[in-house]
Every structure is written in C-alpha cells, then in structure tokens.
Amino acid sequence: MSAAIVVREYEERDRQAWRAYVDAHRDATLFHDLRWSDAVRAGYGYANRHLVALRAGAIVGVLPLTFIASPLLGKSLISAAFSVGGGILADEDDVGAALGAQALDLGARLGVKYVELRGGTSPGEGYTEKTGVYASFAKEMPADPEAIRAWLPRNRRAEVKKALRIDEPNENSFRKTSIIGEFYNVYAPALRNLGTPVMPRKFLAALAANFGEDVDIGLVEHQGKPVAGLFSFWFRDRIMPYYIGADRKARDIRAYDYLYYTLMRRAVERGVRVFDFGRSKVGSTHFDTKKFWGFEPSPVIYHVGLVRAKA
C-alpha cells in the first residue's frame, strides 16, 4: 500500500524542493514557477497561500494560490493570479483531488466567493468546468528562420513585408531593452486608450527582476521615441509574447507585425520552436488576430469551486 497523501500550506523552506518538482514535471507552466506569484505579491500586495502535496515526505503535487481580496470583486483564491494558466500540478489523479479538496477547505476558512484553477490536473469533486470562454493559441514554427514568412498565411506575409521596412535606413528602428519604464510608458497609455485597467508598474518590474534573462522586451521606435513594445517570456521549448502595447503611429508602420515576426525569427535562431500566443477571449479582437496569424484555437478549461458564491 502506498503512503498516504499529506497536503499542507507551502512554507518558505519548501522553495528549493518546489522548484525542483516544477522543473522536472513535463506539464509545468511558467505560472507554476514561484517567481510568478512572488511578482504578484510584490506588485499587488496579495498574499500567497500555496499548497503542497507530499507522499512519504516527497513533493508529489503543488498548487500555487493567490488570495485576492478586492473591495470591488470580493475575495477569491486564484491559480494563477494575473496569468493564463496554472492550476494543479500533480503526479497522479488522487493527488490532484487531495489538493483540490484542500483548496476548497482553505477557501471556506478565508471566506472566499470561489476558487478558480486555470487549467491543470482535475481537482475532483466540488468543481465545475468552465469552458468556451477562452481559447489558447500555440504552434510549432519551422526549424529554419528563413522559412517562417512562407509559413504564415498569405495576408499576414504581406503585412510582415511592409513591417520589415522598419529595418531599412529611415526614421523607424528596433531595439531590446531591460528598462521597464521604457516599455511601461508605451504599454500603459495603450491600455488606458482601450478602457482597460493598467497594472502597477512595480508588477512588471518584479516580473523582469525575478525572471531575469528569461524576459525579453522589444521596442519599436519612431524618430528615437518608443511607439510599440512587446514583453515576452522564454520558457522551456517556447517563446511566450505576453504584454504588448502601441500608439497610433505604431499601427501606421505595422509595429505589431514587426515585433511578433522578428520574435519568431529570434526564437528559432535560439532553438526555440513553439510560439505560444497565449489565451484570448473567444470572439474578441485578439482572438481574431491570432487566427489571422495562422494559429488555431484550443479550448481552455478552468475549474471553478463555488464557496460563498451561488453561481
């Protein structure tokens, strides 16, 4: 008979073992990395209430959880907060069920409305699958960077051709940066113009500091001034463009197309083949844009456990 599963809250002494477990697990995502939830805590001040599952003293499952306490939205437990993924990472189904049950128990003690797990192993009883709201987009690129343009849909190739004028001697240019303020000064106004709440600058700064060389920030400039920026993550076999923003001038010179296409090329040159476009809401402009790039949507499954909420 195998040893019993013990689920308890994460303690700082677990950090090294947690990282080793995540690094070794084939289904781990960027959002299971504690550096993500550390950045959420630094940027927003929310407490982390992670869970670990152990069998015979060894970690066999983890669940990163952020305790959100918002005056507007109320209390919730999210895995992973401000991410497109996360959820339970476990060796076996019974471990996943044990973590799921403990998350609901923790949620009840904290008085949350619900527990939301974004993907991952099934948490077992007490949860409802939420599907059809979001879709993910990921695709393997050609091995040769010179083949990427032909790999794109015809209409996108035409836009990329126009965008590559940025590389010609003119008033437009591209460069990489490690200065968060340069990216944020483009990104924040772009979100405001769309009526989208802007994240704290210190959250992006914490992500950049925590992930270091695994963060890639590219800027397109017009007359020496940044007009578009793309904040991406390198993770295992994939490149993940995550935050992008631009002003009106950037649209004229097709800076979005330039940033995505050149990131694809740089990824392949580095030996990274999967372009992970992330999650978009079904039917949104971003959803359509990713399809225009030749990416097909895959369903995203969330597991929601109601605690105080009725629906």
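Residues numbered from 1 in each chain as written. Predicted model: local features only at pLDDT ≥ 70, side-chain atom pairs only at ≥ 80, totals over all residues. Heavy atoms only, no water.

> Looking at this structure, how should I read the nonpolar core?
Taken as a class, soluble globular proteins show a tendency for nonpolar side chains to be buried jointly. In this structure, Val220, Met264, Phe275 and Trp293 are the most contacted members of the largest nonpolar core, which totals 34 residues. At the level of elements, strand S10 (134–140), helix H5 (154–163), strand S13 (225–235), strand S14 (238–246), helix H9 (255–270) and strand S15 (274–281) are the ones that each hand at least two residues to this core. Sorting elements by how many residues they give to this core places H9 first, with 9 residues. Listed in part, the 30 residues of the second largest apolar core include Ala81, Phe203, Ala208 and Met240. (Core = buried A, V, L, I, M, F, W, Y, C linked by side-chain atoms within 4.5 Å. Buried < 20%, exposed > 50% of the residue type's maximum accessible area, 1.4 Å probe, protein only. Helix = DSSP H or I, 4+ residues; strand = E, 2+ residues; numbered from the N terminus.)

> Explain helix H2 (residues 34–44) here, please?
The periodicity of an α-helix, 3.6 residues per turn, causes residues three or four places apart in sequence to face the same way. With respect to burial, H2 is a largely interior element, 8 of its 11 residues being buried. Among all positions of H2, only Leu34, Arg35, Trp36, Ser37, Asp38, Ala39, Val40 and Gly43 are buried. Taken together, the buried residues of H2 touch helix H1 (15–24), strand S2 (47–48), strand S5 (66–70), helix H7 (201–211), S13 and S14. Phi for Gly45, located one or two positions after H2, is positive at around 85°. (Contact = heavy atoms within 4.5 Å.)

> Help me understand the pairing of strand S12 (residues 215–222), please; the structure alone is not making it clear to me.
The side chains of a regular strand alternate between the sheet's two faces. In terms of residue burial, S12 counts as a mostly covered element, since 8 of its 8 residues are buried. Where burial is concerned, the two faces of S12 agree: the one with Val215, Ile217, Leu219 and Glu221 and the one with Asp216, Gly218, Val220 and His222 are both buried. As defined by bridge partners, S12 adjoins S13 across 8 bridges and the pair is classed as antiparallel. Its bridge partner being in S13, His222 is matched across the sheet by Lys225. Following S12, the chain reverses through 2 residues before pairing antiparallel with S13; Gln223 in that reversal takes a positive phi of roughly 55°. (Pairing = 2+ DSSP bridges.)

> It is not clear to me how the sheet that holds strand S17 (residues 302–306) should be interpreted in this structure. Could you clarify?
Sheet strands pair via backbone hydrogen bonds, and the direction of the pair is either parallel or antiparallel. Spatially, the 6 strands line up as an open sheet ordered S2-S5-S6-S8-S17-S9, and their pairing is mixed. Every interior strand has two partners, whereas the edge strands, S2 and strand S9 (128–130), have only one. In the sheet, S9 pairs with S17 via 3 bridges, with the strands oriented antiparallel. In the sheet register, Thr128 faces S17, and the bridge partner there is Val304. Strand contacts of helix H3 (residues 93–110): S5, strand S6 (74–79), strand S8 (114–118) and S17, with the helix running at about 160° to S6, the strand carrying the most contacts. (Axes fitted to C-alpha atoms, helices over the stretch in contact; angles between N-to-C directions.)

> Please clarify how the packing of helix H6 (residues 180–193) against H7 should be interpreted in this entry.
Working note: a packed helix pair is described by the angle between its axes plus the distance between those axes. The N-to-C vectors of H6 and H7 enclose an angle of 140°; their axes lie 10 Å apart at closest approach. Overall, the two elements H6 and H7 adopt an arrangement that is oblique. Between H6 and H7 the crossing geometry is right-handed. Seen from H6, the contacting residues are Ile180, Gly181, Phe183, Tyr184 and Tyr187; seen from H7, they are Arg201, Leu204, Ala205 and Ala208. Here the contact of H6 with H7 is built from residues that sort into 7 nonpolar, 1 polar and 1 charged. (Parallel < 35°, antiparallel > 145°, perpendicular 65-115°, else oblique. Left-handed = near helix turned anticlockwise from the far one by under 90°. Nonpolar A, V, L, I, M, F, W, Y, C, P; charged D, E, K, R; others polar.)

> Whenever I open this one, the sheet that holds S10 confuses me. Can you help?
Strand order in the open sheet formed by 7 strands is S11-S12-S13-S14-S15-S10-S16, and the pairing between neighbours is mixed. Looking at the sheet topology across the chains shown, the edges are occupied by strand S11 (172–176) and strand S16 (298–299). Alignment of S10 against S15, held across 7 bridges, turns out to be antiparallel. Across the sheet, Ser136 pairs through a bridge with Arg279, a residue of S15.

> Would you mind showing me how to read unusual backbone geometry here?
Generally, phi is negative for residues other than glycine and the peptide bonds are trans, each holding for most cases. In this structure, Ala80 follows Ser79 across a cis peptide bond, with omega equal to 0°. Not every positive phi belongs to a glycine, and Ala56 is a case in point at roughly 55°. Residue position: Ala56 is located in the loop between strand S3 (51–55) and strand S4 (58–63). Under the relative-accessibility criterion, Ala56 is labelled exposed at 73%. Backbone geometry at Gln223 places phi at a positive 55°, although glycine is not the residue there. Looking at the secondary structure, you find Gln223 in the loop between S12 and S13. Judged by its relative accessible area of 60%, Gln223 is exposed.

> Help me understand H7 in this model?
For H7, every residue scored as buried is listed here: Phe203, Leu204, Ala206, Leu207, Ala208 and Phe211. In this fold, the buried residues of H7 make contact with H2, H6, S12, S13 and S14. Where H7 ends, the next residue or the one after it, Gly212, has phi of about 50°, a positive value.

> I keep staring at the packing of aromatic side chains and nothing clicks. Help me out?
The description of an aromatic ring pair uses the distance of the two centres, along with the angle that the planes make with each other. Going through the model one piece at a time under the given rule, you end up with 29 aromatic pairs. A centroid spacing of 5.3 Å and a plane angle of 75° characterise the contact between Phe137 and Phe287, whose relative ring orientation is edge-to-face. Highlighted residues: Phe137 in strand S10 and Phe287 in helix H10 (residues 285–292), separated in sequence by 150 residues. The exposure class assigned to Phe287 is buried, which follows from its relative accessible area of 10%. The aromatic ring of Phe295 is capped on one face by Lys139, whose charged end is 5.8 Å from the ring centroid. (Phe/Tyr/Trp six-rings, centres within 6.5 Å; stacked < 30°, edge-to-face > 60°. Lys NZ or Arg CZ within 6 Å of the ring centre and 35° of its normal.)

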